[in-house]
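Coordinate analysis (summary)
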Amino acid sequence: MTTTAADLHAECHNAAMKAIIAAPVSVTAKALAGPYLEYWISRFIAEDSAYVHVFVESPFFVKLDERTVVVGVVDNGVMRRGSSDIVGCEWKTCKAPKKNKGGGDSAYWNEQVWVDQIREGAQLGTYALAMRQGTFLVEMEGAEAELIEMRVPEPYIRVRALVKDLPPRIWPTNAENGLFKFPLEMLNYVRNAYLVKAGMIRAMRRAKVVPWQLPGDHCHKFNSTCRFYEGMCTSHRHPPTDIPTIGLQPGDPANKIIPYIGMDPRDPEVVILSYSAYSAASRCAELHRIEAMEGVEGEQSDALDIGAAVHAGIAAVNRVYQRVNFQ
Ligand code: SF4
């Protein structure tokens, strides 16, 4: 049966609203996420539905050596159009910039600052590494879960951000500024950086003393103070580390890949890093250690809640495109 544009839009809308309702976030966040998603669907339905959505929220692992593995989820998956147009997608939400005196965006937070941050960060390189060397767990409705290796020789990652402004906006304004290519040399740097970080974590575990780092400038970032500053670090209530943990929150889809990595996550020599664990460890080793402990909840805020609801909605929309294009 042919799906008309109006049918597809309605299906996307319904899927997105259902996902928002089911998202484990506040009622306010759900209410705010709805219009953003409607904007997103209208803006990208023609472009995104033209692709085959190979993966949507598929967890992956990249084995770097016998004791080190990188895990994660390319939230918005990988899209393919033909045999050569294959892109990993990272769709984000970000806060709206403050206005300067002339009515433009603040010099401290604007489109260019965002593009620079994302280009220089480890996240896209991690996803590109997974597209070249990783193994993805693919689960589709009505089919058995499958492990798939993409082996894309020179991966591309496309990024977009929905700016939570009134009205909403999309960064980058020129879509081509959000497309990044990852040649092998660059991926080797990503790999090396993870291996070095894993070696540091292993060494800190072997020392069997805490804390792994003292407070300092790194406790204060982006105009906010680390959540462990008062209750733990500056009052020197450092919880002891005994058994190594993965550091993934219970609901994180990356947990699904752990049974496939072929390593014992409880072995103190085994280091499993996600992009966010790598980032936390790069900011502060103690932050990584505490966040990786069992029972420590992830950071919470209204902004994160809205982002989570929008992401859930976008993933649901991508699944609609995936189903439609596989029919
Ligand atoms: S965990 Fe690290 S960043 Fe956070 S308060 Fe402690 S020392 Fe500072």
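Remember, predicted model here, so these are calculated numbers, not experimental data. (Residues numbered from 1 in each chain as written. Predicted model: local features only at pLDDT ≥ 70, side-chain atom pairs only at ≥ 80, totals over all residues.)

As for the site of the ligand
Going by this rule: The criterion for a residue being near a molecule or strand is a backbone-placed C-beta atom within 6 Å of that molecule or strand. Runs of E in the DSSP output that reach at least two residues are strands. Runs of H or I that reach at least four are helices, and both are numbered from the N terminus. Three classes are used: nonpolar for Ala, Val, Leu, Ile, Met, Phe, Trp, Tyr, Cys and Pro, charged for Asp, Glu, Lys and Arg, and polar for all others, with Gly counted as polar.
Near the ligand, the surroundings consist of Q213, P215, H218, C219, C226, F228, Y229, C233, C284, E286, L287 and I290. Counting residues per element, the shell around the ligand draws most heavily on helix α8 (residues 285-291), which supplies 3 residues. Residues of the shell around the ligand, tallied by class, amount to 9 nonpolar, 2 polar and 1 charged.

Details of the packing of helix α1 (residues 5-22) against helix α2 (residues 27-48)
Rules: Axes here mean lines fitted to C-alpha atoms, for a helix over just the part in contact, with angles spanning 0 to 180 degrees between N-to-C directions. Throughout this description, any angle smaller than 35 degrees is read as roughly parallel, any larger than 145 degrees as roughly antiparallel, any in the 65 to 115 degree range as roughly perpendicular, and the remainder as oblique. Throughout, a crossing is termed right-handed when the near helix is turned clockwise from the far one, and left-handed when it is turned anticlockwise from it by less than a right angle. The contact rule is simple: place each C-beta atom from the backbone, and if two of them lie within 7 Å, those residues are in contact.
Close contact between α1 and α2 brings their axes to 10 Å; oriented N to C, the two are set at 155 degrees. The angle between α1 and α2 falls in the class roughly antiparallel. Regarding α1 and α2, the two cross each other, and that crossing is right-handed. Counting all contacts with α1, which are made through L8, H9, C12, H13, A16, M17, I20 and I21, the residues of α2 involved are K30, A33, G34, L37, E38, I41 and I45. The residue inventory of the contact of α1 with α2, partitioned by class, reads 10 nonpolar, 3 polar and 2 charged.

A look at the sheet that holds strand β3 (residues 68-74)
The cut-off we apply is this: What makes two strands pair is DSSP finding at least two bridges between them.
The 5 strands lie next to each other as β7-β6-β2-β3-β13, forming an open sheet whose pairing is mixed. Whereas interior strands pair on both sides, the edge strands pair on one side only; in this sheet they are β7 (146-149) and β13 (271-273). The average angle at which neighbouring strand axes cross in this sheet is 25 degrees, direction not considered. Contacts between helix α4 (residues 123-133) and the sheet are confined to β2 (58-65) and β3, with β3 contributing the most and set at about 105 degrees to the helix. Where helix α5 (residues 184-207) meets the sheet, its contacts fall on β2, β3 and β13, and the angle it forms with β13 comes to roughly 130 degrees.

Details of the pairing of β3
Our working rule: Every C-beta atom is placed from the backbone, and the number of other C-beta atoms within 10 Å of a residue's own sets its class: buried at 20 or more, exposed at 12 or fewer, partly exposed in between.
Of all the 7 residues making up β3, 7 are buried; the element is thus mostly covered by neighbouring parts of the structure. For β2 and β3, the ladder comprises 7 bridges, and the chain directions are antiparallel. Within the sheet, the bridge partner assigned to D65 lies in β3 and is T68. Between β2 and β3, which pair antiparallel in sequence order, lie 2 residues. The pairing of β3 with β13 spans 3 bridges and is parallel. The residue of β13 that forms the bridge with V70 is L273.

What about the nonpolar core?
Across soluble globular proteins, nonpolar side chains have a tendency to be buried as a group. Which entries qualify depends on this criterion: In this description, a nonpolar core means buried residues of the types Ala, Val, Leu, Ile, Met, Phe, Trp, Tyr and Cys, linked to one another by C-beta atoms lying within 7 Å. Just so you know, the domain bounds were taken from an automatic or database domain assignment.
Counting 84 residues, the largest nonpolar core has A16, A309 and V317 as the members making the most contacts within it. For this core, the leading source of residues is helix α9 (residues 302-326), giving 11 residues. Per-domain counts for this core show at least three residues from each of domain 1 (5-189 + 300-326) and domain 2 (191-250 + 265-291). Residues in contact with A309, not counting those within four places in the same chain, are I20, A23, V25, A29, K30 and A33.

Here's the deal with unusual backbone geometry
The peptide bond linking W171 to P172 adopts the cis configuration, its omega dihedral lying at -5 degrees. Along the chain, P172 turns up in the loop between β9 (169-171) and β10 (179-181). Note that the residue after V210, namely P211, is joined by a cis bond; omega there is 0 degrees. Residue position: P211 is located in the loop between α5 and β11 (220-221). A positive phi angle, close to 55 degrees, is found at R151, a residue other than glycine. We note that K208 has phi near 55 degrees; this positive angle belongs to a residue other than glycine. On the secondary structure map, K208 appears in the loop between α5 and β11.

A closer look at the environment of V25
Within the secondary structure, V25 sits in the loop between α1 and α2. The spacing of V25 and G82 is 57 residues in sequence and 38 Å in space, taken between C-alpha atoms. Other than its neighbours up to four places away in sequence, V25 contacts K30, D305, A308 and A309.

Remarks on α4
Because an α-helix completes one turn every 3.6 residues, residues spaced three or four positions apart along the sequence face the same direction. α4 sits mainly inside the fold: 11 of its 11 residues count as buried. Among all positions of α4, only Q123, L124, G125, T126, Y127, A128, L129, A130, M131, R132 and Q133 are buried.

Looking at α2
The cut-off we apply is this: What we call the bend at a residue is the angle made by axes fitted to the seven residues finishing there and the seven residues starting there.
Along α2, the sharpest change in direction is near 35 degrees and occurs at S42. Those residues of α2 that fall on the buried side of the exposure criterion are A29, A33, Y36, L37, W40, I41 and D48.

Focus on the pairing of strand β6 (residues 135-138)
Taken together, the 2 bridges between β2 and β6 define a ladder with antiparallel strand orientation. Bridged to F60 within β6 is F136. In terms of strand pairing, β6 meets β7 through 4 bridges, oriented antiparallel. Looking across to β7, one finds that F136 is bridged to I148.

What about the packing of α4 against α5?
Here α4 crosses α5 at 110 degrees, and the two axes come no closer than 9 Å. Classified by the angle their axes make, α4 and α5 are roughly perpendicular. Side by side, α4 and α5 meet where G125, T126, A128, L129 and R132 of the first sit next to M186, L187, V190 and R191 of the second. Across the contact of α4 with α5, the residue classes tally to 5 nonpolar, 2 polar and 2 charged.

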